[in-house]
Amino acid sequence: MNILLQEWEFPPFDRIRIEDYESAIRAAIEEAEHTIETIATSTEAPTFENTVEALECADRRLNRVSAIMMNLNECCTSDALQEVVMKLEPEMTRFSMKVMTDHRLYERVKTVSESSDYSEHTEKKTLLENTLKSFRRHGVALEGEARERYKRNEEELSELKLRFSQNALANMNDWTLHLTSEADLEGLPEPVRTAAREEAEAKGLEGWLFTLAYPSYGPFMTYSTRRDLREKMYRAYGSIGGRGNEHDNNEVIRRIVELRAEQARMLGYNTYCDYVLEDRMVQSLPNLRRFMQELKEAVLPAAKNELAEIQRISSFTPLMSWDFSHYAEKLKQQRYAFDSEQLRPYFPLDAVREGIFGLYGKLYGLHFDPAPEVPVYHEDVKVYRVLDGTREMGILYLDMHPRASKRSGAWMTEFRGQHGDVRPQIQVVCNFSKPTAETPSLLRFSEVETFMHEMGHAMHGMLSNVRYESLSGTNVKRDFVEMPSQVMENWCYEPEFLATFARHWQTGEPLPTEFIDKIRAAQNHLAGWLCLRQLNLGYTDIAFHTMLDGSTVGKAEEVEAGAMTNLLPRVPGCCTATNFSHIFGGDYASGYYGYKWAEVLDADIFSRFKQDGIFNRDTAARFRREILSRGGTEHPAVLFRNFMGREPDNKALLKRMNLL
Ligand SMILES: [Zn+2]
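Here the structure is a predicted model, which is why all the values come from computation and not from measurement.

## So, the pairing of strand 5 (residues 391-399)
Phase 1: Among the 9 residues that make up strand 5, 7 are buried, leaving the element largely enclosed by the rest of the structure.
Phase 2: Judged from the 7 bridges that link them, strand 4 (residues 382-388) and strand 5 form a sheet pairing that is antiparallel. Paired with Val386 across the bridge in strand 5 is Gly394.
Phase 3: Hairpin geometry of strand 4 and strand 5 is characterised by an intervening segment of 2 residues between the two adjacent antiparallel strands and by a positive phi of about 65° at Gly389.
Phase 4: Taken together, the 5 bridges between strand 5 and strand 7 (residues 425-429) define a ladder with parallel strand orientation. Looking at the pairing, Leu396 lines up with Ile426 of strand 7.

Okay, here's the thing in structure tokens:
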């Protein structure tokens, strides 16, 4: 029998064959469909148990099997696996769409919600609300022609998003800067020149070739002393998606905005923004506007001062966008000349890991026991049982090193989420350099932060204590999910914590704390400016997604100019929107503010730890009880208030950025 369809305690990585996936996924879909059909056609009166709870559990096997397949496709893939995923992913999407648009199920859930009162059972109440909302947000309540139209619009939207990204990519690739004279390279460091020479060689060209891809564009704008060439590059980059050729995105944006506005209206919302925000911690457009306005007012004076300083060290008035990065870097070098590579010897991976485990010991009394008996999919993966006293909280897989079959970046995933007595199986994936025969794996400071961040997500899942899997751990509102991970990064700047593990791997010398002060100072370089930049992108996002129809879009460039607070002169023909893939090519529409929102929350929460002591067991216990253990069972605004005793406040973030 197919191993994936058998009962196992741990994912049976050592026994899965590639050909097992297809039949297992199809069998699991079939099983779920059968269960769902039984729920939909039941002659019993709908109850919470026979409908909402039954739906919650209907696709459990499918989730288990697909979690293995999808996770391995990210971190240990092969051509064969990719092919299988490509084939099966649409089938899984089709299945879940079929469920979410099933009228019979919706009617049953609606009956449950109308006939009973769950105000005494927070978790049941949330599950019921989420289920009902999920149906409605998929358009299930629409009838007849409206229903068809909604479906057609969704299909068109997914095509348009793809087209947007393809257009941007095409425009990015069809422009290059080909230089043949050494004099044109003035200011560029050797590695940047080498990369450009290789780029040229690959195209069979003499000299040096620069492109609009960030690894080429970014360093050029930062280091080139040739203002004329920086301007050329800037204009080319700024016109991506807006050059008026066959890859122009203006019409694509207009249509996306029009369709999103229509979809939202069909579901009963005023604007697309209202539709999105209803399902976020921030809750509403007025709340969001207030949040952004307050932060903007707080950082604007700093942003203006920073610009004035940069203006001062350049000789140009007015400073133009193509000058900014260049002189910002100069100022940074003058002030914070510091090579962060110096820190690496103090952060051997094994010591960092033990330091992080130790922190969870100090905060929550947890310990981590190696579990070599648990099967793994690659020899680099290490497994631990996470214990709270004698109680096993779950299994932690750490997959720390790059390999050809793994994508870049760092992330956390679950093979199984916590629910009831069932404990979670969670994985943290990173891409830290491998140890060699002579040297251990030495982390950059930013990688230590990354590790802490992902462990923050992992422990959100690990310490979960809820009844329903769809509400456990990191299954929270999207603008809340980064708080428990980001808050952990704060400990990386605390000498008291660093002293517990950061020692030179050869000499044993403890990490000099002035290094950390220097990193923090360098990080706060242009803090006001960068914050304003993020807010500007957030305002642009909102401007497009609060439009009532597409006719008001006009040129994307003009919408953007009106939405942003522009401290530098705008350059006609240049804008971000036509290349803003987060919101037009991806899933961040109306959500771009989320980056800053999560920062405000994490800084605020950490300020409480800072006040009580960064290892304070009582504060940690309260954080665990009020937030981490609760997952998505209650609105994050309530969880936050339960822990902090008040609403979020941006002062802690401003203090961290040294802007108070
Ligand atoms: Zn994260």
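There's plenty left to go through after this.
## Side note on the coordination of the zinc ion
Phase 1: Those donors, His453 (NE2), His457 (NE2) and Glu482 (OE), are the protein atoms that reach the zinc ion, and they lie 2.1 Å from it.
Phase 2: For the zinc ion, all donor residues lie on one chain, and their spacing in sequence is H-x3-H-x24-E. Separated by 29 residues along the polypeptide, His453 in helix 16 (residues 445-462) and Glu482 in the loop between helix 16 and helix 17 (483-489) bring together distant segments of the chain.
Phase 3: Judged by relative accessible area, Glu482 falls into the partly exposed class, the value being 28%.

## A short note on the pairing of strand 2 (residues 208-211)
A regular strand carries its side chains on alternate faces of the sheet.
Phase 1: Burial along strand 2 is two-sided: Trp208 and Phe210 facing one way and Leu209 and Thr211 facing the other are all buried.
Phase 2: Sheet topology places strand 1 (residues 176-179) next to strand 2; 4 bridges connect them, and they run antiparallel. Its bridge partner lying in strand 2, His178 is registered against Leu209.

## Notes on the packing of helix 20 (residues 527-545) against helix 21 (residues 556-563)
Phase 1: The geometry of helix 20 relative to helix 21 is characterised by a closest axis approach of 9 Å and an angle of 120° between their N-to-C directions. Looking at the two axes, helix 20 sits oblique to helix 21. Between helix 20 and helix 21 lies a crossing whose hand is right-handed. Residues Tyr539, Thr540, Ala543 and Phe544 of helix 20 form the contact with helix 21, whose participating residues are Ala556, Val559, Glu560 and Ala563.
Phase 2: Here the residues of the contact of helix 20 with helix 21 sort into 6 nonpolar, 1 polar and 1 charged.

## Brief notes about empty space enclosed by the protein
Phase 1: As enumerated under the stated definition, the model contains 1 cavity of 30 Å³ or more in all.
Phase 2: Around the largest cavity sit Gly238, Ser239, Gly242, Asn250, Lys555, Ala556, Glu557, Gly573, Cys575 and Thr578, which together line it.
Phase 3: Looking at the lining of the largest cavity, its residues break down into 2 nonpolar, 6 polar and 2 charged.

## Section: the state of the cysteines
Phase 1: Scanning the entire structure with this criterion turns up 0 disulfides.
Phase 2: The closest cysteine sulfur to the non-disulfide-bonded Cys531 is located on Cys273, 18 Å from its own sulfur.

## Some words on the nonpolar core
Taken as a class, soluble globular proteins show a tendency for nonpolar side chains to be buried jointly.
Phase 1: Membership of the largest hydrophobic core comes to 95 residues, with the highest contact counts inside it found for Phe347, Leu396, Met455 and Trp491.
Phase 2: Broken down by element, the residue count for this core peaks at 9 residues, all from helix 13 (residues 285-313).
Phase 3: If sequence neighbours within four positions are ignored, Phe347 has contacts with Val352, Ser441, Leu442, Leu443, Phe445, Val448, Leu498, Phe501, Ala502 and Leu511.
Phase 4: In this structure, Ile3, Ile39, Leu132 and Val429 belong to the second largest nonpolar core, which totals 56 residues.

## Re the pattern of salt bridges
Phase 1: Taken as a whole and assessed by the stated rule, the structure comprises 55 salt bridges.
Phase 2: Put simply, Arg467 and Glu53 hold a salt bridge, and the shortest N to O gap is 3.5 Å. Linking Arg467 in the loop between helix 16 and helix 17 with Glu53 in helix 2 (residues 48-58), this pair joins segments that are 414 residues apart in sequence.
Phase 3: Overall, Arg467 belongs to the partly exposed group, its relative accessible area being 47%.
Phase 4: Accessibility expressed as a relative area gives 17% for Glu53, which makes it buried.
Phase 5: Among the ionic pairs, Lys161 bridges to Asp587, the shortest N-O distance being 3.3 Å. Linking Lys161 in helix 7 (residues 144-173) with Asp587 in the loop between helix 22 (581-584) and helix 23 (594-612), this pair joins segments that are 426 residues apart in sequence.
Phase 6: According to the relative accessible area criterion, Asp587 is exposed, its value standing at 52%.
Phase 7: Here the salt bridges do not stand alone but share partners, grouping Glu156, Glu251, Arg254, Arg255 and Glu258 into one network.

## Let's talk about the sheet that holds strand 3 (residues 366-370)
Phase 1: Taking strand neighbours across the sheet as the criterion, the 5 strands line up as 3-4-5-7-6 in an open arrangement whose pairing is mixed. Here the strands that pair on one side only, and so sit at the sheet edges, are strand 3 and strand 6 (411-416). Strand-to-strand, the axes of this sheet are offset by a mean angle of 30°, without reference to chain direction.
Phase 2: Lying on the sheet, helix 3 (residues 60-75) is in contact with strand 5, strand 6 and strand 7; it crosses strand 6 at an angle near 150°.
Phase 3: With respect to the sheet, helix 15 (residues 349-364) is in contact with strand 3, strand 4 and strand 5, its orientation differing from that of strand 3 by roughly 140°.

## Remarks on unusual backbone geometry
Phase 1: Across the junction of Thr317 and Pro318, the peptide omega takes the value -10°, indicating a cis bond.
Phase 2: Relative to the helices and strands, Pro318 resides in the loop between helix 13 and helix 14 (321-336).
Phase 3: Positioned with a positive phi, Leu526 is a non-glycine residue whose angle comes to about 65°.
Phase 4: Relative accessible area serves as the criterion here: at 8%, Leu526 is assigned to the buried category.
Phase 5: The phi dihedral of Asn658 falls on the positive side, at around 65°, and the residue is not glycine.
Phase 6: Within the fold, Asn658 resides in the segment after helix 26 (651-656).

## Re the packing of aromatic side chains
Phase 1: Overall, the coordinates contain 36 aromatic pairs when judged by the stated rule.
Phase 2: Aromatic pair Tyr217 and Tyr237: ring centres 4.2 Å apart, planes at 15°, arrangement stacked. Of this pair, Tyr217 sits in helix 9 (residues 214-223) while Tyr237 sits in helix 10 (residues 227-238), placing them 20 residues apart in sequence.
Phase 3: Take Tyr237: its relative accessible area is 25%, and that puts it in the partly exposed class.
Phase 4: Through a chain of ring-to-ring contacts, the aromatic side chains of Phe347, Phe445, Tyr493, Phe497 and Phe501 assemble into a single cluster.
Phase 5: Of note, Lys296 hangs over the ring of Tyr539, and the distance from its end group to the ring centre comes to 4.9 Å.
Phase 6: Taking the ring centre of Trp411 as reference, the NZ or CZ of Arg407 above it sits at 3.9 Å.

## Some details on the environment of Phe220
Phase 1: By the element assignment, Phe220 lies in helix 9.
Phase 2: For Phe220, a relative accessible area of 0% translates into the label buried.
Phase 3: Sequence separation of Phe220 and Val192 is 28 residues, and the distance between their C-alpha atoms is 7.8 Å.
Phase 4: Other than its neighbours up to four places away in sequence, Phe220 contacts Leu177, Leu179, Leu188, Phe210, Leu229, Arg230 and Met233.

Definitions and limits used
- Residues numbered from 1 in each chain as written.
- Predicted model: local features only at pLDDT ≥ 70, side-chain atom pairs only at ≥ 80, totals over all residues.
- Heavy atoms only, no water.
- Buried < 20%, exposed > 50% of the residue type's maximum accessible area, 1.4 Å probe, protein only.
- Helix = DSSP H or I, 4+ residues; strand = E, 2+ residues; numbered from the N terminus.
- Pairing = 2+ DSSP bridges.
- Donors = N, O, S within 2.8 Å, 3.2 Å for Na, K, Ca; no water.
- Axes fitted to C-alpha atoms, helices over the stretch in contact; angles between N-to-C directions.
- Parallel < 35°, antiparallel > 145°, perpendicular 65-115°, else oblique.
- Left-handed = near helix turned anticlockwise from the far one by under 90°.
- Contact = heavy atoms within 4.5 Å.
- Nonpolar A, V, L, I, M, F, W, Y, C, P; charged D, E, K, R; others polar.
- 1 Å grid on protein atoms, 1.4 Å probe; cavity = no way out; pocket = protein on both sides within 12 Å on 5 of 7 lines; lining within 4 Å.
- Points joined across faces, edges and corners; volume = space filled by probe spheres on them.
- Disulfide = S-S within 2.5 Å.
- Core = buried A, V, L, I, M, F, W, Y, C linked by side-chain atoms within 4.5 Å.
- Salt bridge = Lys/Arg side-chain N within 4 Å of Asp/Glu carboxyl O.
- Phe/Tyr/Trp six-rings, centres within 6.5 Å; stacked < 30°, edge-to-face > 60°.
- Lys NZ or Arg CZ within 6 Å of the ring centre and 35° of its normal.

Any link to function would need more than the numbers given here.
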